Structures are given as C-alpha cells and as structure tokens.
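Each chain, letter by letter, is given below.
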Amino acid sequence: MSASNDVAAAGAIAIVKKNASPPTDLTLMPVEQLRGAGPRVSERLDRLGIRSVADLLLHLPLRYQDRTRFCAINQLQAGQEVSVHARILTADIHQGRRRALLVALADPERDTGARLWLRFFHFGQPLMRRFEPGAGVSVFGEVRPGPKGLEMIHPELEFLAADETEDQPSAELDHESASTALEAPALALTPVYPTTEGLSQALWRSLIDQSLALLHEQPECLPALLPESLLHPRELPTLTEALRLLHRPSPDTATDELLERRHPAFQRLALEELIAQQLALRVFREQLRESGASPLPGTGQLVAALRALIGFELTQAQARVLDEIAADLAAPRPMLRLLQGDVGSGKTIVAAMAAAQALESNAQVALMAPTELLAEQHLRSFRRWFVPLGFEPLWLAGRHKGAERNAILNALASDAAPLVVGTHALFQDDVHFARLGLVIIDEQHRFGVHQRLRLREKGQRDGRLPHQLIMTATPIPRSLAMTAYADLDLSVIDELPPGRQPVQTIAVPDARRGEVMARLRAACDSGRQAYWVCTLVEESDALQCQAAEDAAAELARELPAQRIGLVHGRMKPAEREPVMSAFAAGELDVLVATTVIEVGVDVPNASLMIIENPERLGLAQLHQLRGRVGRGLIESVCLLLYHPPLTSQAFERLKLLREEHSGFKIADADLRLRGAGEVLGTRQSGHARLRLADPLRDRELVSRARELAALLHRQHPELVPRLIDRWVPQSPDFAS
Ligand code: ADP
Ligand code: MG
C-alpha cells in the first residue's frame, strides 16, 4: 500500500458516522453506518441486495476508466470517455427547452478552433463562478454530439488555478460531480460500478472508499473464512488484498486480466463464492435427506418382466445408471438424482425400470414432462411397457377439466392409480397423492426449480419425501451441472444404443431447395419417413405456425404422392395426437412441424430431417432436433436449409453442428457462444445465481471449490454458516 492511500484511508475512517464501538464483522454492519447512506440510498442499495458493508465490498467494478488518457479537444470523438485539459472560454446560462449552464472549452496551449461544450442542468452560483474565463480546467466524461458540437454532460471537474500551475490543483470540487479519483490522482484506473438509478458513481466510490478504510483499519472485520492451509499451495491473494486490488487497482495492474476476470484477485473471490455456494447446497441437501423417504427396494419381478418385454438389451451405461438409481431407491433417504444423457441415449427405459422398482414396493409413481406432446410420448411408451404388466398409466394434463379431472384427482388421492403421466398439471395445489414414492421429471431445464421443489413437497407425508429422478437431454457441461444442479447426484448415460450412426449433417443454402425436395422424394419412395421443421420467425409463435402451414401446403403440392402431416404449437393436443400417432405408425411420410418436436418424439424409421432457417436456432436446440433422426439402424441425414448470408456466429454454429456429434461438446460450444443463462433458461439460472463466479469461465475453480467445500465441511464446520452468510444471504430459499 502506498503512503498516499494510507492517508486517504485514515481520512475516510474519520468520516464514518456513529462509530461508537468498533465493528466486529462487516457482514453484520449495515450500510447505513456509512456517510452518504441515508434512508433513500440504503433502500436503493437494498434493492441491489446490498445490506451490509461486506455486501458493498463484494460489489465489484464493472470496468475501469483510464483517466490517464488525456485527449486534445481537436482530437475528440463522440462516444469516447476521456480526460481533457482545457481553457475556459465562456460560461453562460442557456434558456432552451431546458435551462442549462453551457461552458465553452478550448485546447489550453494553442487554440485550434475546436470546442468542447460542457452542459450542466443542475448548477448554482458557486459552480458558475468557478468557470472563470481564461482559467484552466480538467474534465472527465463521455463525449457526445450536442447542438453546438461535441459536449460532455455533467462531467467530473477539476479546476486549475488561473495561472495553470498544474501541480497545485484546487482541492475544492463541485459536490455534484466530485470524484474521489480526481482527489487522489494516483488512481489511474477508476472503477465504474454496476449501478441503478439514483446511485452515482461518485457515491459508489465514496461508499466503497469508506468500506475499504474500515477494512484497512481493522482487517479482522472481514475475517478470512478460508483457512490458509486450504488455499496453499495456490498463491492467491488474501481476501483483503483481493478486494483492495479489485476496487482500487494500482496503475500497473494488468487491466485485461481484471476486465476478463482472470486476475488472481478476482479468482480468489470467485473461489470463495463457489465454495460458499457448494456449502449452501450441501446444507440444503442434508436438510432434505434428513427428512427421510420410504425405502423402495422392490422385489425384482416387474423389473425382470419389463426387461424381457422391451426387446433390446440395456447398454452398459444404462445398466450402470440403473444400478445407481436402484440403490438410491432402496435407501431411506430421498433420492435426488439427475439423469443426464444425450438425445437418443435411452433415458426413458431407465425411468421405466426405476418406476417398475417403485411399483414393486407398492409406491405411486408420477412421471412429468414439460409439454403435452412430450408427456403424451411418454404415456405411449409407458402404456406399451406397463399395460402388459398389469398397470394402466393414468394421464393428467391441463386439458382435463371438471368431472374428468376430479375423477383423476380422486384416483390419485385414493391410491387407485399407481402410475400417472402428465404435465405441470401434476404440480397444481389440489393434486394430492396417496403414497407418492417416486417422481420422475423429464427435461428438467424447462421447469423452474420452484416446480421441482413443489413436487417434492407434494409427496411429503409424515416428514418423508418422495424419491426424485430428473432427466435431461441438455448435456450440461460438468462445471455448470455442479453449480446449477449441485443439490443433485449425477448419473450420466455416456453411450448410445448399439447400431446408431452419426447423423450426416449437411448445410444447404435455400437456393438449392430443389435438390432438397428431390432428396426428400427419394427418401419417401424408399419407405423412409422425414421431418420438415419450420423454425421460429421473429419470436412469433403465430408466424411460426403460419410458416409450417405454408410449408405443408407447398410440400403437398410438390410431393403429391406423399402423405404429409402437420403439427404445430397452436394445435390442440387432441388435434396433434392423431397426427403424431399416424406418423409413428408409418401412416405419414413427412411430418411438417414447428420446433415443438424438439423433445421426445421417437420414430426410429424417420431418417431424414430438413430444418428450414437453422440459423435462427441455438446450437443445443439444433442438436436436440437433429436427435429425432438417427434413432434406428438406418443411416440418417439432417439437411440444414439456411438462408444466406449467414452471420459469422451462425456460420460457426452450423459448422460445429456438421462436425460434432457429441451433445456434450456441442453444449460446451453453445455455452461459449451464448452464456450460461440462456442454456439453462432464465428461471433455471436463477438457481445458480452467483455474484462473481461464472461456472463456464471459472470452470477450473468449480471443481476445486467442490473439493474445498467438502474439506471445509469436514474440518471446519464452524466456518460453514459464516461463509454462507457472507455470500449467499438468502440461504433458506436459495435453492428454490
Ligand atoms: P432419450 O434419452 O432421448 O429420451 P429414448 O429414451 O427416447 O431416448 O430412446 C431412444 C430410442 O432408443 C427409443 O426408441 C428406445 O426404445 C431406444 N432404446 C433405448 N435403449 C436402447 C437399447 N439399449 N438398445 C436399443 N434401443 C434402445
Ligand atoms: Mg426423452
């Protein structure tokens, strides 16, 4: 620390209000204790989740301004954020649409004729008087085009004495645009904080300065909760050093490392946050596990009968995950397991086997899917497998109303229905289960975590929870799975059923539509079936359905010999169902569909897929779609009928899809292209809400954090609640 910062720190501590007894922990010290944090400011901070001084310290700059970059007025460009040394020419009140103080500035040494205008909407006599024609001033702000030329609105100001002795700047600053950075010129990199209306950067800097001063005075106010022994041999800075560096970087700090958040100081904080998050999830899980569950060891009879009935051998991967699930079900603790497997890896039969074991133990089983289409698909599979075994699956969807619905609800509540398949209608408040033992949820990422927890609660009887199996085809990269789904155990089906061939993927510009048609005709002629997928037009469901209707009509004209079906999102399930069934039964050659077929449709004879305007879709979605073909033994083809010109990103996506067949690698690339929030969906990513860390960028930290959290939990249990408090303030509903 430099001497000047020490002085600044000492000065700042003196201005802290109400410093009665020395604070023990900044995590417990409310922001109101700081100067400038009155009720209105505190309320705004509260809305950002900042309540304590520790919260403030964890509010890191978004970026840094380089105030050492001075620019001559005749070199200025709109959009720049720069410092300017200038001479004051005039200062006048301008009575326009909005009264303003307008100040004209020129280059100080040699007037090039270029002007920079300063515009102030809020000003008083004292400020006006400071703009003495001929005097020097340093300003910092964003340059923008104005009515008279380039201007800055409410820039930060530093007045120089009239004789321009620059080493003797006047210390007085206009209070509205005062900047601590200008007070302390040693700060080459001035932090810019993420903010909200009514909280100025100057205020942020002042609040953080005060917090840093407190920390400087009494480093023990923010205790190091990660034992040194754990962090060794990774030479990361201490918590205090890291915070100081990130808030007030010295001029020689590598800015790109800071901005890209690769700097060890940032990594130190992110690691601690990830550890805290892992701990919070561990605690949450322990609580759940403590509540207990009915063990469902089964008898093996139904499972064996089902195995004999399906007509194929389970893959090794399926058998392995099934063992994991079977062991979980037999335990008196609720299973919380995520079953991850690429499209077509055969998750459904695994779910059915788990259901069979639960049924053997006399428990009720609920299987839930996010869309009716997908739920119907599961219903069909479960009927095929369970009816011969003497179990008729019940069906509950949103369309069930009135008496029909009541009958279903009664069956569930009275134990007459051991097996139910449905949509989120199963979540509703009036649905009660007699003895729900196993909940299976498909395509978890489409449900919010809230819903998942609600279903958990549903089965809760005498403090016991149902076992839970969550299936996802979204191949979430491990680092993300570990944060977003850290409350779940993970089983991965990392093998496809034998005989599957990678889907040959070809990108074709739409000018060659004729060739595509010929190919489609040839495929149909040889007895194959095909999907024709219409993608979303400008986020409009209606337009997408229209596009699908048009495409179906056109195909019917061009391929008069083929039987063409249409399904889209605006059709009622009762209208869609017969079309899907007809396609599955081979009574249709081509199924024109909107992206509703993305999940779950399983027709092994379909070996050709044409996706119109694939450039509109994300990689993961394209991969899911493509997974609808290549499910049988026939070599399958996916034609990406794109509309040129492609953006470079779209080009990258299609190229990747052509070359890559592993859902995991594709998801990884997709994450890089789009970011975690989008891959998981906003609701889901709320689950993994992290202030600083990013599970993708900081993926190495994630696995390290997981290990460290386990160690810490064992060796220093007393630190666990404190770490959670510091980083995960709303821990009770954190995981919900
Ligand atoms: P997903 O994991 O995408 O949900 P499905 O469960 O729909 O995959 O399975 C895809 C297809 O593979 C189905 O037709 C299913 O019957 C079949 N299948 C599943 N497991 C095997 C296996 N071990 N051998 C052969 N076919 C299998
Ligand atoms: Mg599936």
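Above this text you will find the structure in question.
Residues numbered from 1 in each chain as written. Chains lettered and ligands numbered in written order. Predicted model: local features only at pLDDT ≥ 70, side-chain atom pairs only at ≥ 80, totals over all residues. Heavy atoms only, no water.

**Q** Help me get a handle on the pattern of salt bridges, residues and values and all.
**A** Summed over the entire model, instances satisfying the criterion amount to 19 salt bridges. Its salt-bridge partner being Arg 47, residue Glu 43 comes within 3.2 Å of it at the nearest N-O pair. Remark: Arg 47 and Glu 43 occur in helix H2 (residues 39-47); sequence separation between them is four residues, near one turn of the helix. Arg 47 sits in the exposed class, given a relative accessible area of 60%. A salt bridge links Asp 111 to Arg 115; the nearest nitrogen and oxygen atoms lie 3.0 Å apart. Residue class for Asp 111 comes out partly exposed when judged on its relative accessible area of 43%. One connected set of salt bridges, linked through shared partners, spans Arg 268, Glu 272 and Arg 726. (Salt bridge = Lys/Arg side-chain N within 4 Å of Asp/Glu carboxyl O. Helix = DSSP H or I, 4+ residues; strand = E, 2+ residues; numbered from the N terminus. Buried < 20%, exposed > 50% of the residue type's maximum accessible area, 1.4 Å probe, protein only.)

**Q** Can you break down the site of ligand 1 residue by residue, with the values?
**A** Neighbouring ligand 1 are 16 residues; Glu 313, Gly 344, Thr 348, Arg 500 and Asp 602 lie closest to it. In the model, a nitrogen atom of ligand 1 is placed 2.7 Å from a nitrogen or oxygen of the Glu 313 main chain. Separating a nitrogen atom of ligand 1 from a side-chain N or O atom of Gln 318 is a distance of 2.8 Å. For ligand 1, whose accessible area on its own is 570 Å², the fraction buried by protein is 85%. Grouping the constituent residues of the shell around ligand 1 by class yields four nonpolar, six polar and six charged. (Near = heavy atom within 4 Å. Polar contact = N/O pair within 3.5 Å; in protein donor to acceptor, adjacent residues only side chain to side chain. Areas by Shrake-Rupley, 256 points an atom, 1.4 Å probe, with all protein chains shown as cover. Nonpolar A, V, L, I, M, F, W, Y, C, P; charged D, E, K, R; others polar.)

**Q** I'd like a rundown of the side chain of Ser 607, residues and numbers included.
**A** Mapped onto the secondary structure, Ser 607 falls in strand S21 (residues 606-612). The class of Ser 607 is buried, set by a relative accessible area of 4%. Once residues lying within four places of it in the same chain are set aside, the contact partners of Ser 607 are Arg 528, Gln 529, Val 629, Ile 634, Glu 635, Ser 636 and Val 637. (Contact = heavy atoms within 4.5 Å.)

**Q** If you had to explain helix H21 (residues 619-626) to someone new, which residues and values would you point to?
**A** A large share of H21 lies buried, amounting to seven of its eight residues. Taken as a whole, H21 has its buried residues at Leu 619, Ala 620, Leu 622, His 623, Gln 624, Leu 625 and Arg 626.

**Q** An account of the environment of Gly 586 is needed here, citing residue identities and associated values.
**A** Among the secondary structure elements, Gly 586 is positioned in the loop between helix H20 (573-584) and strand S20 (590-593). In the structure, Gly 586 is positioned 19 residues away from Asn 605 in sequence and 7.9 Å away in space, judged by C-alpha atoms. If we skip the residues at most four places from it in the chain, Gly 586 touches Gln 529 and Arg 563.

**Q** An account of the packing of aromatic side chains is needed here, citing residue identities and associated values.
**A** Applying the stated rule across the entire model yields six aromatic pairs. The interplanar angle of 40° and the centroid separation of 5.2 Å between the aromatic rings of Phe 382 and Phe 386 together place this pair among those described as tilted. Separated by four residues within a single helix, Phe 382 and Phe 386 lie in helix H14 (residues 372-386), roughly one turn from each other. As far as burial versus exposure is concerned, Phe 382 and Phe 386 are alike and both buried. Aromatic rings pair up to connect Phe 120, Phe 131 and Phe 159 into one cluster. Above the ring of Phe 121, the side-chain terminus of Arg 98 is found at 4.1 Å from the ring centroid. Here the guanidinium or amino end of Lys 148 rests over the ring plane of Trp 117, the centre of that ring lying 4.8 Å away. (Phe/Tyr/Trp six-rings, centres within 6.5 Å; stacked < 30°, edge-to-face > 60°. Lys NZ or Arg CZ within 6 Å of the ring centre and 35° of its normal.)

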